[in-house]
Every structure is written in C-alpha cells, then in structure tokens.
Amino acid sequence: MTIMTIPTKPIEGQKPGTSGLRKKTRVFMGPHYLENYLQATWDGIGGVAGKTLVLGGDGRHFNDRAAQVMLRMAAASGAKKVIVGQNALLSTPAASHLIRKRKADGGIILSASHNPGGPDGDFGVKYNVANGGPAPEGVTEKIFAATTTITEYKIVEAQDIDLATIGTSHLLDTEIEVVDPVADYQDLMEQLFDFPAIKALFAGGFRVSFDAMHAITGPYAKAILEDTLGAAPGSVTNGVPLPDFGQGHPDPNPIWARDLMQTMFADDAPDFGAASDGDGDRNMIVGRGIYVTPSDSLAAIAANASHVKAYAGGLKGVARSMPTSRALDRVAESLGIDCYETPTGWKFFGNLLDAGRATICGEESAGTGSDHVREKDGLWAVLFWINMLAARKISVAALMAEHWKTFGRNYYSRHDYEAVDSVAAQALVDDLRKRLPDLPGTTAAGLSVESADEFAYDDPVDGSRSEGQGLRFTLDGGGRIVLRLSGTGTEGATLRVYLERVETDADRMHDDPQEALAGIIAAAEALAGIKQRTGRDKPDVIT
Ligand code: VG1
Ligand code: CO
C-alpha cells in the first residue's frame, strides 16, 4: 500500500450551503470532485493526522464508493481511527450520537438529505464537528477557502475495505472499526423515552404507520418500533434503504409522502402516522385525519415535554429557526423560558445546545431535536410524539385542538418555487431588499406592513454574526411573511415563501390553512411579484 499524491486544480462551486455540499450525483462522481472536497475538508480543519472520525451515509447511489474514497484519504493523511456504520450507513442523528459517544474529533456524513438520489439525483457531503453538530460557518468558510487553493490530494492505493462485516481492520496505520449503525442510537432512545409505556400502548391495539421512504430510517424504525416496542409487523413501510429511494423524493411532507397521507385520511386510518427523510433527521407527524404542521409539532412537543421521561425536569430554553412559526414562542412564554430565533439550518442551534441555553430546537422544514444529539432527529420526534400520546392517553387531533385552544393557532404554510431561473430569483430578492426601508406603513393587498427587514443573527454564545438570512415582513393582525432562497438545491434557485397568521378566535381554529392564509398569500404576491418574476402561476410544493 502506498500513499499517492495526486496533483489537482480547484473546482469551482464547492461551497457548502445550508447543510454541507450538495451537487448532482454525476458531478460528485466526476474526476477529482469528491477527492478535492475531502482534501479541502482535511485542510480546512487543520488536518486529520492523529484524529478519530465517524463515517456513514444515507445509502444513496455512490454512498458505497464515496465511503471507500474517504477511508483511503483519511488513512493517507494519517487519521488515527475511522468508526464506520456497517455498509457505510448511518442516519444523520446516529452519526451525531456516535461522534459524541466515542468522543471523535468529527465525522463525514454522505448525504444530500431530502434531495432525491440515484445517478441522476443528488449527492452530498457534510462535515460535523466534535460536538456532533454540523460544522459552523467559521469552519465551512475555511473548507471552502481550501477548495479554491487546492493543488494536490493524498490517497492510499488499496483494495476496498470490507464494510459489511462488523469488526476492526487497518488501512496503513489507520484503524477502521465497522459498527452496527442502529445499536447505539437505539440505546439512547431507550434512555430518553418510556419504552414500557409505549409497549403497553402498542399492546393495547394502538396502530402506527411509519413511512421510511426507502431511505435510511427503515432499519432504525423496524428495530425500535416493530422489534422492540411491539408495533404490528408492517407498521414500517418502504423500510429497505434503496440507492435511488425507489425513484422517490425522500422529503417527508404532504406532497412527497402522499401514500402516508392517504393512509392517515382513510376511514380505517391508524392512530398515528409518521415519515422521515433521506438521512433520517426530519420527521412528519400525521394523526388520524389531521396533518400536524412541523411548527405546530415543535410547539406541541415543547408544551408537553413534562410528560416525557428525559424532559420531565423542565426545559432550559427552546429555539426555532427564523422562518418557523411563532407557535413555539407562545409556549415558551407560558413556560417562562427563553425562545431563541436563529437562521435556517441546524448548525445555528449547536452553540445554544452546548451552552445549556436550549433543550429543544426545531425548524418549519420538519426538523425537530433536542440536546441528546447535535442534529435534528426524525425518529426521536416520532418517539416523542408516541410517548406523549401514551402518557396523556389522547389522540393527535385532540391534542392539537387542546393546544390551539390554550395558545391560539398560528396558521402556517410554506410555498416553494423550485428550479426557478437563478438570475430571476436573485433579482426578486435583491429588488425587494432595496425596497425594505420604504415598505413599513404601506399596504400590501389591503394589509398594512408594520415592519420589513433582513434577518441577521448575532450568536449569543460566541458573538459571531450571520447576515442575509431572509427578508421578513410583519403585517397588522398578526401576519408574517418571510422570503429566502434555499441553500440546499442543486438546480437553479428555489424560492421559499413562509406564511403565517395568528388566530385567537376559538371558533376559527379549524379552517383550511391555505384559506386561513389567503390574505397573507395575496400580500406576499403584492410585495414580491412572485408570479410575474418567476413565470410560475403556483408553487411547486406547499407544506
Ligand atoms: C432546508 C431547510 C432547512 C434545513 C435544511 C437541511 O434548507 O429549509 O430548514 O435545515 O434544508 O435539512 P434550505 O436552505 O433549502 O431552505 V436536511 O434534512 O435536507 O439536511
Ligand atoms: Co435530512
């Protein structure tokens, strides 16, 4: 085995976005593409010599090949050890847990998360730091800088490592330990939740349908829900991870998890439905005949945390990304705890969790989690819900009705315009930004604009500042609109329009959200001219 030093040149566009570097799979498979990025990662973090790393991925096309490249490059640069999930699989939260549990220096997660997979789909690489969380901006900037100056990378010339067999081997001096991807994660869940109470619930006939969307959570959900907790066989659907996710789009929302929605709205619907995304960090919660919007799920979780074992002692604080609805703020207020507002992306929660300022965090994009790991965690949220229902002996619909009655309802929806012309999308945002100072006091589709600004975040823990995090508008009557461009897409631009309105009239809390938000939707159109500028007459995805 020899270490080869391969000359290379910078490749344009290797800039990590909201969550790692995401590109078309074929781009990642191109000459030097993955190698350049991994070497830049090593260089950006000050090298991997003597370090321990965790490695896993969501099983999408190229996961297996990319894992072998990572191992050869970690060994070539002198890593002490790499802990790898069997067959190079690990859900994102399981990887985060493993980094923390084994006190590793960091980890590589091979995933483009909710983006479709396959040779014509997307691939991605995320680097997580020693606390188990996504690399903060300071680190991703260094990695990106290294991609622009790279001249060579180091890789070991060797046969593939056997990643199918649990155990330890060596590549040069680097120890490669292949571990069961599920076991440690399952142990953690058992510590957090009341497994006997959930078992009793299932034994009493409670029915659940969990759609793993042919992605990474299948093996986790089967082991925990069916094999350990006793949910009926077949409760987990699409449970075998496939390299192309069965040609599906592993994004758990009412559009892409349509089958689950149909199951949950049928006459003989189970009591509880859920789904997770490609890499297992997102969750979708559906009750019999009711879809729970992620912002509401987050608020309900916070409001009911005292019923769940690990959180019964109280929450230190909560945090949500800026576009996420303010339903959580109302719960925090009633609990007398702080509610932090961060930019989009889980990396911004890390400091708050590390500093003990927040216990539970969440995003409107179906990401919810707590200080048990440093990533959002799909199955954790599902278990939280089931535990909550078991403890309270209540249905999803009744729990949400009670929640809205207590706190008011924040009607909420996100409208996505996907693969829009990048220049047009950027111009829309730039032009609107210029008009921000003039907008307060004007009206948009009959609603008066109270405030208009661009969100910037000053991290209260390390003092770092992140600018350009979304344009936001508040309207009279408790309405709010946020516009931002996605940082995870790989084709053109995706414009996200977040819409919210508070309703405190108990008689008006069970309307269709799109109807309840019609005035806000019209105001967003009046402010931004979305249809004309994007050439679209309706959003591609409504969540
Ligand atoms: C999206 C979501 C964001 C989430 C990110 C990563 O980012 O909006 O809330 O943290 O995806 O999720 P963007 O920039 O496209 O809006 V995952 O599960 O794809 O890693
Ligand atoms: Co994800």
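Being a predicted model, the structure only gives us computed values, none of them experimental. (Residues numbered from 1 in each chain as written. Chains lettered and ligands numbered in written order. Predicted model: local features only at pLDDT ≥ 70, side-chain atom pairs only at ≥ 80, totals over all residues. Heavy atoms only, no water.)

Draft legend 1. Up close: the sheet that holds strand β11 (residues 236–237). Within the open sheet, the five strands sit side by side as β11-β10-β12-β13-β14. Their pairing is mixed. On the outer flanks of this sheet lie β11 and β14 (290–292), each paired with one strand and no other. In this sheet, β11 lies alongside strand β10 (residues 208–211) in parallel orientation, the contact comprising two bridges. Within β11, the residue paired with Asp211 across the bridge is Thr237. (Pairing = 2+ DSSP bridges. Helix = DSSP H or I, 4+ residues; strand = E, 2+ residues; numbered from the N terminus.)

Draft legend 2. Local environment of the coordination of the cobalt ion (ligand 2). Distances from the cobalt ion (ligand 2) to its protein donors, Ser113 (OG), Asp277 (OD), Asp279 (OD) and Asp281 (OD), fall within 1.9 to 2.1 Å. We note that the donor set of the cobalt ion (ligand 2) lies within a single chain, spaced as S-x163-D-x1-D-x1-D. Placement of the pair is Ser113 in the loop between β5 (106–110) and β6 (122–129) and Asp281 in the loop between β12 (272–276) and β13 (283–287), with a sequence separation of 168 residues. Exposure remark for Asp281: the relative accessible area of 1% places this residue in the buried category. (Donors = N, O, S within 2.8 Å, 3.2 Å for Na, K, Ca; no water. Buried < 20%, exposed > 50% of the residue type's maximum accessible area, 1.4 Å probe, protein only.)

Draft legend 3. Expanded view of the nonpolar core. Core analysis: the biggest nonpolar cluster contains 74 residues, and Phe272, Trp380 and Trp385 have the highest contact counts within it. Broken down by element, the residue count for this core peaks at 11 residues, all from helix α13 (residues 378–392). When neighbours within four sequence positions are excluded, Trp380 is seen to be in contact with Tyr185, Met189, Leu192, Phe193, Ile301, Tyr311, Ile360, Thr368, Gly369, Ser370 and His372. In this structure, Leu53, Leu110, Ala135 and Val156 belong to the second largest nonpolar core, which totals 43 residues. (Core = buried A, V, L, I, M, F, W, Y, C linked by side-chain atoms within 4.5 Å. Contact = heavy atoms within 4.5 Å.)

Draft legend 4. Main features of the site of ligand 1. Looking at ligand 1, there are 19 residues lining it, with Thr18, Ser113, His114, Thr488 and Arg496 nearest. Separating an oxygen atom of ligand 1 from a side-chain N or O atom of Ser486 is a distance of 2.6 Å. In this structure the site holding ligand 1 corresponds to the second largest pocket. (Near = heavy atom within 4 Å. Polar contact = N/O pair within 3.5 Å; in protein donor to acceptor, adjacent residues only side chain to side chain. 1 Å grid on protein atoms, 1.4 Å probe; cavity = no way out; pocket = protein on both sides within 12 Å on 5 of 7 lines; lining within 4 Å. Sits in = over half its atoms within 2 Å of the grid points.)

Geometric descriptors of this kind do not, in isolation, establish any biological role.
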